[in-house]
Number of protein chains: 2
Amino acid sequence: MEKLLFDFISKYITLTADEEKALIDLNIFRSFKKGTLLLAEGQKSNNGYFVLKGCIRIYYMIDGEEKTTAFYTEMEGFTPPGVVDKKPSKFYVSCVEDSILTISDPSMEEEIFQKFPKFETMCRVLSEELLVKQQLDFDTFKTSSPEQRYLKLLENRPDLIQRVPQYQLASFLGIKPQSLSRLRARVLEKNKR
Amino acid sequence: MEKLLFDFISKYITLTADEEKALIDLNIFRSFKKGTLLLAEGQKSNNGYFVLKGCIRIYYMIDGEEKTTAFYTEMEGFTPPGVVDKKPSKFYVSCVEDSILTISDPSMEEEIFQKFPKFETMCRVLSEELLVKQQLDFDTFKTSSPEQRYLKLLENRPDLIQRVPQYQLASFLGIKPQSLSRLRARVLEKNKR
DNA sequence: TCCCTTTCTTAACTTAAGTGAACGATTATC
DNA sequence: GATAATCGTTCACTTAAGTTAAGAAAGGGA
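The following paragraphs examine the structure supplied in this document. (Residues numbered from 1 in each chain as written. Chains lettered and ligands numbered in written order. Predicted model: local features only at pLDDT ≥ 70, side-chain atom pairs only at ≥ 80, totals over all residues. Heavy atoms only, no water.)

### Comments concerning the protein's contact with DNA strand C
Alright, step 1. As a matter of local geometry, DNA strand C sits amid 13 residues, with Lys176, Ser179 and Arg186 of chain A together with Gln166 and Tyr167 of chain B nearest to it.
Alright, step 2. Atoms of DNA strand C within 4 Å of the protein: sugar and phosphate make up 68%, bases the balance.
Alright, step 3. A distance of 2.8 Å is found between a phosphate oxygen of DNA strand C and a side-chain nitrogen or oxygen belonging to lysine 176 of chain A.
Alright, step 4. Contact distances for DNA strand C include 3.0 Å between a base nitrogen and a side-chain N or O atom of arginine 182 of chain A.
Alright, step 5. Listing elements by their share of the surface near DNA strand C, those giving two or more residues are helix H9 (177–192) of chain A together with helix H8 (166–172) and helix H9 (177–192) of chain B.
Alright, step 6. Counting residues per element, the surface near DNA strand C draws most heavily on H9 of chain A, at four residues.
Alright, step 7. When grouped by side-chain class, the residues that make up the surface near DNA strand C number four nonpolar, five polar and four charged. (Near = heavy atom within 4 Å. Polar contact = N/O pair within 3.5 Å; in protein donor to acceptor, adjacent residues only side chain to side chain. Helix = DSSP H or I, 4+ residues; strand = E, 2+ residues; numbered from the N terminus. Nonpolar A, V, L, I, M, F, W, Y, C, P; charged D, E, K, R; others polar.)

The following block contains the structure:
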């Protein structure tokens, strides 16, 4: 399992055996069953998540309805606002599938940044990359219709459509489950003709 | 003008006189007239922008229509993907008003990170903060109707509605200018009753 | 100041998403 | 294996956004 993480890191920096050991000694690998709630609304948490295997999902509970806003799968990571602003979480984080994650907290980061400054460089580069990627995703979302969003998702993350329930995909696309169902029927009809 | 920047930086790190001088010596302050195009579609650019005064805007040209996806005002910054991926820009960056910006490039950053490591810490913290903020904005966008988005904008960035043309706000809210106009009339009507 | 361009509003019509409800189908539970 | 709960689809209806077009208002330049 560690290998997955080290392979990922090696795209950004080169680790010595010492550094790999320091990382392992942090003891950050965790396994979870499908459906496990990692964070609930109202909780304060300082944990950052990184998915080695499986899929986690962010959702809000609004007017009694789940609104899913994000999925994170293999080699994707997520840091909730709590780490920055110390306020109780507004959303839930749960496992869509059985998953293996690394779970980190700010004090661990502090420690490792002290010992190995290149980790901080990696984290800066990583979050700058993520920031850019997310900006582009947001732009695409704003400039597309629900149907276009669905078609793009089909292109860019076809796996998600397989592994995630429709009603979760719907709010991820910014619409209601019934609309997604109708929209899919419409798209299928068009392709038939 | 420098003071604005130093005040902003002081929220994250404390600068010595030496460090302030090093920053000034980079000679990154620039003034632009309203309407100036800072970056056009197809151009390759490595510049990062930080707004000291004024307002810049990101827009795409899709089917002959401008689609505005972001505004950056005082003490907000923006780094285009080009810095990360070296591909030609997919969007335009232009000045909504007369503006004063700092314009940086990666080699300058490299240099300053070398000399003063705490700048890198600041940049990491900053981009982690921005990432979180943007995630929340994206979540809010996905879980809101156009009308709710407009009302929230009215609350959170009332200045924008004053300083920016409606047709630019419309795509920022994910709708057409005509729909924004109608939506506003609807909201006004509700408040009257 | 006048003219031209750009921006905003209104309206009628079309299209698609929201809503509420019903019905299978699939999954989980006992 | 029967029963209940969850999930996906469909339908009829409502509401709001997209589209096309026209005209009013505002802004900028000569």
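After that view, the rundown keeps rolling.
### Quick look at the environment of leucine 52 of chain B
All names here are of chain B.
Alright, step 1. With respect to the helices and strands, the residue leucine 52 is situated in strand S3 (residues 48–53).
Alright, step 2. For leucine 52, a relative accessible area of 2% puts it in the buried group.
Alright, step 3. In this structure the C-alpha to C-alpha distance between leucine 52 and aspartate 98, which are 46 residues apart in sequence, comes to 11 Å.
Alright, step 4. With residues near it in sequence (within four places) discarded, leucine 52 still touches Met1, Leu4, Leu5, Phe29, Glu74, Met75, Ile100, Leu101 and Thr102. (Buried < 20%, exposed > 50% of the residue type's maximum accessible area, 1.4 Å probe, protein only. Contact = heavy atoms within 4.5 Å.)

### Some details on the relation of the copies chain A and chain B
The relation between the two copies of this chain is a rotation about an axis and a shift parallel to it.
Alright, step 1. Expressed as a screw transformation, the operator carrying chain A onto chain B has a rotation angle of 180 degrees and an axial translation of 0.0 Å, and the superposed copies differ by an RMSD of 0.0 Å. Within this description, the copies of the chain are treated as partners about a two-fold rotation axis. When each C-alpha of chain A is compared by its distance to the rotation axis, arginine 124 of chain A comes out closest, at 2.2 Å.
Alright, step 2. Here 100% of the interface residues in chain A have copies in chain B that are interface residues too; the copies meet face to matching face. (Least-squares fit on C-alpha atoms with pLDDT ≥ 70 in both.)

### Points about the packing of aromatic side chains
Alright, step 1. Within this structure, the stated rule accounts for 20 aromatic pairs over all chains.
Alright, step 2. Arranged with centres 5.1 Å apart and planes meeting at 65 degrees, the rings of phenylalanine 71 of chain A and phenylalanine 172 of chain A form a pair that is edge-to-face. Highlighted residues: phenylalanine 71 of chain A in strand S5 (residues 65–72) and phenylalanine 172 of chain A in helix H8 (residues 166–172), separated in sequence by 101 residues. Pair check on accessibility: phenylalanine 71 of chain A and phenylalanine 172 of chain A agree, each one buried.
Alright, step 3. Of the aromatic side chains, those joined through ring pairs into one cluster are Tyr60, Tyr72, Phe78 and Phe91 of chain A.
Alright, step 4. We note arginine 149 of chain B situated over the ring of phenylalanine 141 of chain B; from NZ or CZ to the ring centre the distance is 3.8 Å. (Phe/Tyr/Trp six-rings, centres within 6.5 Å; stacked < 30°, edge-to-face > 60°. Lys NZ or Arg CZ within 6 Å of the ring centre and 35° of its normal.)

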